[in-house]
Amino acid sequence: MQEQDGTEQELNAYERVLAEDRRVVREMLRVSTGGAHAGLAITVIIVALIAAVGGAQWALMVGGAVATWFATALFAVARGGRRGRAVTRAYLLTFGWASWL
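Only a predicted model underlies this, so the values are computations on that prediction, with no experimental measurement involved.

(A) Just the packing of helix α3 (residues 56-79) against helix α4 (residues 86-95), in detail. Orientation of α3 relative to α4, taken along the N-to-C sense of each, is 135 degrees, at an axis distance of 8 Å. If you check the angle between α3 and α4, you find them oblique. Every pair of crossing elements has a handedness; the one defined by α3 and α4 is right-handed. Contacts between α3 and α4 involve V66, W69, F70, A73, L74, V77 and A78 from the first element and A86, V87, R89, A90, Y91, L93, T94 and F95 from the second. Across the contact of α3 with α4, the residue classes tally to 13 nonpolar, one polar and one charged.

The following block contains the structure:
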């Protein structure tokens, strides 16, 4: 077995397939700011419908759950050491699911 430099090392077939699979999964799970805006709009509409059908008490509970999820995501991202874009990342974590619709 030949030893090669880490920067010039050729990937074998198995590693190439794994790298391609990882790239495809990253692309599939990628979220966008536009998708997050759509997720926020859908969430607001759902909370408004809950308020119309079930009353303000239920709407406050659902809205509070979403706000708690956002606060938890913000805390986790900020604690992870990524400053500056913590709010954007928490926003994408909370509402980015709409990119997959």
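Right, picking up where we left off after that structure.
(B) Quick look at the side chain of T43. If you trace the backbone, T43 turns up in helix α2 (residues 33-54). Not counting chain neighbours up to four residues away, the residues in contact with T43 comprise V66, F95 and W97.

(C) Structural context of the pattern of salt bridges. For the structure on display, the rule yields one salt bridge. A salt bridge links E20 to R23; the shortest N-O distance between them is 2.6 Å. Remark: R23 and E20 occur in helix α1 (residues 13-29); sequence separation between them is three residues, near one turn of the helix. The exposure class assigned to E20 is partly exposed, which follows from its relative accessible area of 37%. For R23, a relative accessible area of 39% translates into the label partly exposed.

(D) Expanded view of the side chain of T94. Among the secondary structure elements, T94 is positioned in helix α4. On the basis of relative accessibility, which here comes to 7%, the residue T94 falls in the buried class. Within polar-contact distance, the side chain of T94 engages the backbone oxygen of A90 at 2.8 Å. When neighbours within four sequence positions are excluded, T94 is seen to be in contact with V66, W69, F70 and A73.

(E) A look at a nonpolar patch on the surface. Taken together, the side chains of V25, M28, L29, W97, W100 and L101 make up a nonpolar region of the molecular surface, amounting to roughly 670 Å² of accessible area. With respect to the element layout, W100 can be found in the segment after α4.

(F) Expanded view of the packing of α2 against α3. Put simply, α2 and α3 touch, their axes get as near as 7 Å, and they point 155 degrees apart. By the criterion of interaxial angle, the relationship of α2 to α3 is roughly antiparallel. Along its contact with α2, which presents T43, V47, I50, A51 and G54, the element α3 presents A56, W58, A59, V62, G63 and V66. Residue classes in the contact of α2 with α3 are distributed as eight nonpolar, three polar and no charged.

Calculation rules
- Residues numbered from 1 in each chain as written.
- Predicted model: local features only at pLDDT ≥ 70, side-chain atom pairs only at ≥ 80, totals over all residues.
- Heavy atoms only, no water.
- Axes fitted to C-alpha atoms, helices over the stretch in contact; angles between N-to-C directions.
- Helix = DSSP H or I, 4+ residues; strand = E, 2+ residues; numbered from the N terminus.
- Parallel < 35°, antiparallel > 145°, perpendicular 65-115°, else oblique.
- Left-handed = near helix turned anticlockwise from the far one by under 90°.
- Contact = heavy atoms within 4.5 Å.
- Nonpolar A, V, L, I, M, F, W, Y, C, P; charged D, E, K, R; others polar.
- Salt bridge = Lys/Arg side-chain N within 4 Å of Asp/Glu carboxyl O.
- Buried < 20%, exposed > 50% of the residue type's maximum accessible area, 1.4 Å probe, protein only.
- Polar contact = N/O pair within 3.5 Å; in protein donor to acceptor, adjacent residues only side chain to side chain.
- Patch = residues over 30% accessible without salt bridge, like charges linked within 9 Å, V, L, I, M, F, W, Y side chains within 5 Å.
- Areas by Shrake-Rupley, 256 points an atom, 1.4 Å probe, with all protein chains shown as cover.

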